[in-house]
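Secondary and tertiary structure notes
Residues per chain, in single letters:
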Amino acid sequence: MTQLANILRPLLLLLVAASLAYATHLTQKLGAHPWWADKVIWIGLPVGFAMAATAWKLRLPRPWRITSFAVLAFVAFAVAHTGKARFAASYAEDMFAGQMWYFGWIGACTMAFAALASLTWAKHQTH
């Protein structure tokens, strides 16, 4: 498989996934604030792709990449959920909780996209 195809396949998959998440308002339905629910998708997409590409280039084992990125996506989602609960309980006065909510969502999208890209990235040839 050519180097260009190695890059395009995960990138196209991520663009389709991001477009579907955007069209269905997935992040907003899962708890992101309506004002920035769509932005976190488009912020997380290039960063997640770059992280998956870096992990692939470093020749980290594929199962390790997928598992690590997926676990980190769930951790980031938990941070976002906790931030949302604290922010709502403080009547929008706890700025740190608001940042946990926002940056937690960016992290969740980033790691989810990195895990998804790692699923389709081809193995390195060893000859």
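Just above, that's the structure.
As a starting point, this report considers the structure included with it.

Topic: the environment of L116
You can see L116 is positioned in helix α5 (residues 95-120). The spatial distance from the C-alpha of L116 to the C-alpha of H33 is 24 Å, given a sequence separation of 83 residues. Those residues in contact with L116 that sit more than four places away from it in its chain are L13, L14 and A17.

Remarks on the environment of P34
Note on placement: P34 falls in the loop between α2 (26-29) and α3 (39-57). With relative accessibility at 49%, the residue P34 sits in the partly exposed group. Along the sequence, P34 and V75 sit 41 residues apart, while their C-alpha atoms lie 22 Å from each other.

Looking at α3
For α3, built from 19 residues, the straight-helix expectation of 27 Å at 1.5 Å per residue is met to within 8% by its first-to-last C-alpha distance of 28 Å. Of all the bends in α3, the greatest reaches close to 25° and is centred on L45; the proline P46 follows between one and four positions later. Within α3, burial applies to V40, I41, G44, L45, G48, F49, A52, A55 and W56. For α3, the secondary structure elements touched by its buried residues are α1 (3-23), α2, α4 (62-89) and α5. One or two steps after α3, the chain reaches R59, where phi turns positive at roughly 60°.

Observations regarding the side chain of R65
Structurally, R65 is set in helix α4. Every residue in contact with R65, bar those within four places of it in the chain, is listed here: A55, W56, L60, S118 and W121.

So, the packing of α3 against α5
The N-to-C vectors of α3 and α5 enclose an angle of 45°; their axes lie 7 Å apart at closest approach. One finds that α3 runs oblique with respect to α5. Crossing hand, α3 versus α5: right-handed. Here V40, I41, I43, G44, L45, V47, G48, M51 and A52 of α3 come into contact with α5, specifically with Y102, W105, I106, C109, T110, M111, F113, A114, A117 and S118.

Some words on the pattern of salt bridges
For the structure on display, the rule yields one salt bridge. R86 serves as the salt-bridge partner of D94, at 3.1 Å between the closest nitrogen and oxygen.

Side note on the packing of aromatic side chains
Evaluated as defined, the whole model comprises eight aromatic pairs. With a centroid separation of 5.8 Å and an interplanar angle of 45°, the aromatic rings of F87 and W101 are classed as tilted. Here W101 lies in helix α5 and F87 lies in helix α4, a separation of 14 residues in the sequence. Since its relative accessible area comes to 9%, W101 is described here as buried. Clustering of aromatic rings is evident, with ring pairs tying together W36, F87, W101, Y102 and F103.

What counts and how
Residues numbered from 1 in each chain as written. Predicted model: local features only at pLDDT ≥ 70, side-chain atom pairs only at ≥ 80, totals over all residues. Heavy atoms only, no water. Helix = DSSP H or I, 4+ residues; strand = E, 2+ residues; numbered from the N terminus. Contact = heavy atoms within 4.5 Å. Buried < 20%, exposed > 50% of the residue type's maximum accessible area, 1.4 Å probe, protein only. Expected span 1.5 Å × (residues − 1). Bend = angle between axes of the 7 residues up to and from the residue. Axes fitted to C-alpha atoms, helices over the stretch in contact; angles between N-to-C directions. Parallel < 35°, antiparallel > 145°, perpendicular 65-115°, else oblique. Left-handed = near helix turned anticlockwise from the far one by under 90°. Salt bridge = Lys/Arg side-chain N within 4 Å of Asp/Glu carboxyl O. Phe/Tyr/Trp six-rings, centres within 6.5 Å; stacked < 30°, edge-to-face > 60°.

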